[in-house]
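The primary structure of each chain is shown beneath.
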Amino acid sequence: MIRSSLVLALLLAACGGQAPGASQAPSPSPASREAGLAAFETVRGVLQHPRCQNCHPAGDVPLQGDEGRLHNQLVLRGPTGHGMAGAGCTTCHGPTNPPNSFGMHVPPGVAKGWHMPPPEMKMVFVGVAPRALCEQIKDPARNGGKDMAALRVHLEDPLVTWGWNPGAGRTPVPTPYPEFIAAWETWARAGAPCPGG
């Protein structure tokens, strides 16, 4: 038994492999962790901007405006996040933002089809403390089964990028999109550390 373990260890070492149970990647350095935590603050600021959190409330009513008021017309999340029967999100929200010439208070649109997260996976951003938000984002049980790579792909979803081009009368996310993506990637490379722990 000892001899076979020694042979395995020598073979792995000769091939550049690692023994079972060995760490696959080095832990992020303290400087990298600090950079990751600083980058997460940028990520958090974007996720908790009204353009993002209005579709990520604690309740089942989407929010509107920079002040996060309850959506007009008694709109509800519905069983799949697409609204209730006869009052689906796409009843009013079309495939694009209307032209600015239509004026303010016209429902915005997006090619993907307007919707909220489903009720069993609300992904609440409103009023969530930074650490809890960080943990929720990374938790596949609460984020739709996504790992960090899938979450990065999600950041290119039209519903996400809409926040930087929300149409007439709406404040866009102030952090430039490339800066947000760079912050996300810095945070991810640092091991996606969460503040306060």
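Computed from a prediction, not measured in an experiment: that's the story for all the values here.

The rules we used
- Residues numbered from 1 in each chain as written.
- Predicted model: local features only at pLDDT ≥ 70, side-chain atom pairs only at ≥ 80, totals over all residues.
- Heavy atoms only, no water.
- Salt bridge = Lys/Arg side-chain N within 4 Å of Asp/Glu carboxyl O.
- Helix = DSSP H or I, 4+ residues; strand = E, 2+ residues; numbered from the N terminus.
- Buried < 20%, exposed > 50% of the residue type's maximum accessible area, 1.4 Å probe, protein only.

Asker: How would you summarise the pattern of salt bridges if you had to cite specific residues and measurements?
Answerer: Inspection of the entire model under this criterion finds 10 salt bridges. The salt bridge partner of Asp-60 is Lys-122, with a shortest N-O separation of 3.2 Å. Residue Asp-60 is found in the loop between helix H3 (50-53) and strand S1 (63-64), and its partner Lys-122 is found in the loop between helix H4 (89-92) and helix H5 (130-138); the two are separated by 62 residues along the sequence. Arg-69 is paired through a salt bridge with Glu-67; the nearest N and O atoms lie 2.4 Å apart. Assessed through its relative accessible area of 34%, Arg-69 is described here as partly exposed. Here the salt bridges share partners, and the residues they tie into one network are Asp-60, Arg-77 and Lys-122.

Asker: Outline the environment of Phe-102, listing residues and values.
Answerer: Position of Phe-102 among the secondary structure elements: in the loop between H4 and H5. Sequence spacing of Phe-102 and Ala-168 is 66 residues, and the spatial spacing of their C-alpha atoms is 8.5 Å.

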